[in-house]
Amino acid sequence: MNPAEWFSELSDELWPGQCFSLKVKSVLHEERSKYQDIKIVQSESHGVVLILDGIIQCTERDEFAYQEQISFLPLCCHPNPKKVLIVGGGDGGVAREVVKHPSVTEVHQVEIDERVVELSKQYLPFMACGFESPKLRLTIGDGFEYMKQHEGVFDVIITDSSDPIGPAESLFRESYFELAKRALRPNGVICSQGGSFWLDPAHVRSTLDYCRKHFPRVTYGLAAVPSYPTGQIGFFIASLNPETKFAEPCRTFDEKEIDQMGLRYYTTDVHRAAFTLPRFAAKALYE
């Protein structure tokens, strides 16, 4: 990529025959960490962009849509989420949102690549500010091993992963959902990045089926994020409480509370709407 030209997100494995491109003003940083290629660029239209292994993880322009939905959808599906685990999320965006929830008192985060954390603090401070909360305890390590050592501990587990290739591949397997279930308290809730049904509905369906083997209530919610392929991304959300009604949040917020928390995407109405899928998608994922 020439710094004065375009970055194109190419992946024949994830989205064959198409790509999303951004015009780049400058390359701020690039390196190969122990786990992945890391590139941070200043784009012309989307601000600072974090790219891992050639895939856009977040852009300054629209990251809040993803961060708020992956955080507040599961938090508001739980009646009293006090202790939360974040797996991944090395840019700090999910931590930034989770600590805003009034019920949350303690957040543990496990990120495998410390270089993502360090570089996010340097180049993405608008997201990495999440690491500054006194509620947060960050561990550099493997999420699988961390959950094995913390059974029956968390009310909500949020997995902010990259796509199902490379370091994040194991986070979409049945064994991961089984492990997450063991790390939850009774009636606990999990939420994971779930890809797009526009690209690979069969993969979304198979991951939902893995999740259904371990949780009595499982669903798929949506967010609109223009810089992600297809402009939409979904989330696998599951609860150990068989009475959970995902589309009716346990905790609702009025406009004053939304403003106080600095939320720009999530509202109670957006929460309800997130679980209404187009007919073809609902048939592909649920029938």
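Residues numbered from 1 in each chain as written. Predicted model: local features only at pLDDT ≥ 70, side-chain atom pairs only at ≥ 80, totals over all residues. Heavy atoms only, no water.

Under an unreviewed UniProt entry, the name given to the protein is Putative spermidine synthase, and the source organism is Anopheles aquasalis. Turning to the protein, the UniProt record has this under Sequence similarities (unreviewed entry): "Belongs to the spermidine/spermine synthase family." (UniProt positions renumbered as here; feature names shortened; annotations may be inferred.)

**Student:** Would you take a moment to explain the sheet that holds strand E7 (residues 106-111) for this structure?
**Tutor:** In a beta sheet, neighbouring strands pair by backbone hydrogen bonds and run either parallel or antiparallel. Spatial strand order, E8-E7-E6-E9-E10-E12-E11: seven strands in an open sheet with mixed pairing. If you trace the sheet from one side to the other, it starts and ends with strand E8 (136-140) and strand E11 (217-224), each paired once. Taken pair by pair, the neighbouring strands of this sheet meet at an average axis angle of 15°, ignoring direction. As judged from the five bridges shared by strand E6 (residues 83-88) and strand E9 (residues 154-160), these two strands associate in the parallel manner. Each residue of the ladder has a partner; that of Gly 88, found in E9, is Asp 160. (Pairing = 2+ DSSP bridges. Helix = DSSP H or I, 4+ residues; strand = E, 2+ residues; numbered from the N terminus. Axes fitted to C-alpha atoms, helices over the stretch in contact; angles between N-to-C directions.)

**Student:** Whenever I open this one, the domain arrangement of the protein confuses me. Can you help?
**Tutor:** By a widely used convention, the size of an interface equals the accessible area lost when the partners come together. According to the domain assignment, the protein contains domain 1 (6-59) and domain 2 (62-286). Contacts between the two partners involve 24 residues from domain 1, matched on the other side by 23 residues from domain 2. Roughly 2200 Å² of surface becomes buried between domain 1 and domain 2 when both sides are summed, with 66% attributable to carbon and sulfur atoms. Interface area lost by domain 1 to domain 2 is led by Leu 14, Tyr 35 and Thr 59, which between them contribute 24%. Glu 31 is paired through a salt bridge with Arg 115; the nearest N and O atoms lie 2.6 Å apart. Broken down by element, the side of domain 1 that touches domain 2 gets its largest block of residues, five residues, from strand E5 (residues 55-59). In the side of domain 1 that touches domain 2, the residues fall into 13 nonpolar, seven polar and four charged. (Domains from an automatic or database assignment. Contact = heavy atoms within 4.5 Å. Buried area = accessible area lost by both parts, 1.4 Å probe. Salt bridge = Lys/Arg side-chain N within 4 Å of Asp/Glu carboxyl O. Nonpolar A, V, L, I, M, F, W, Y, C, P; charged D, E, K, R; others polar.)

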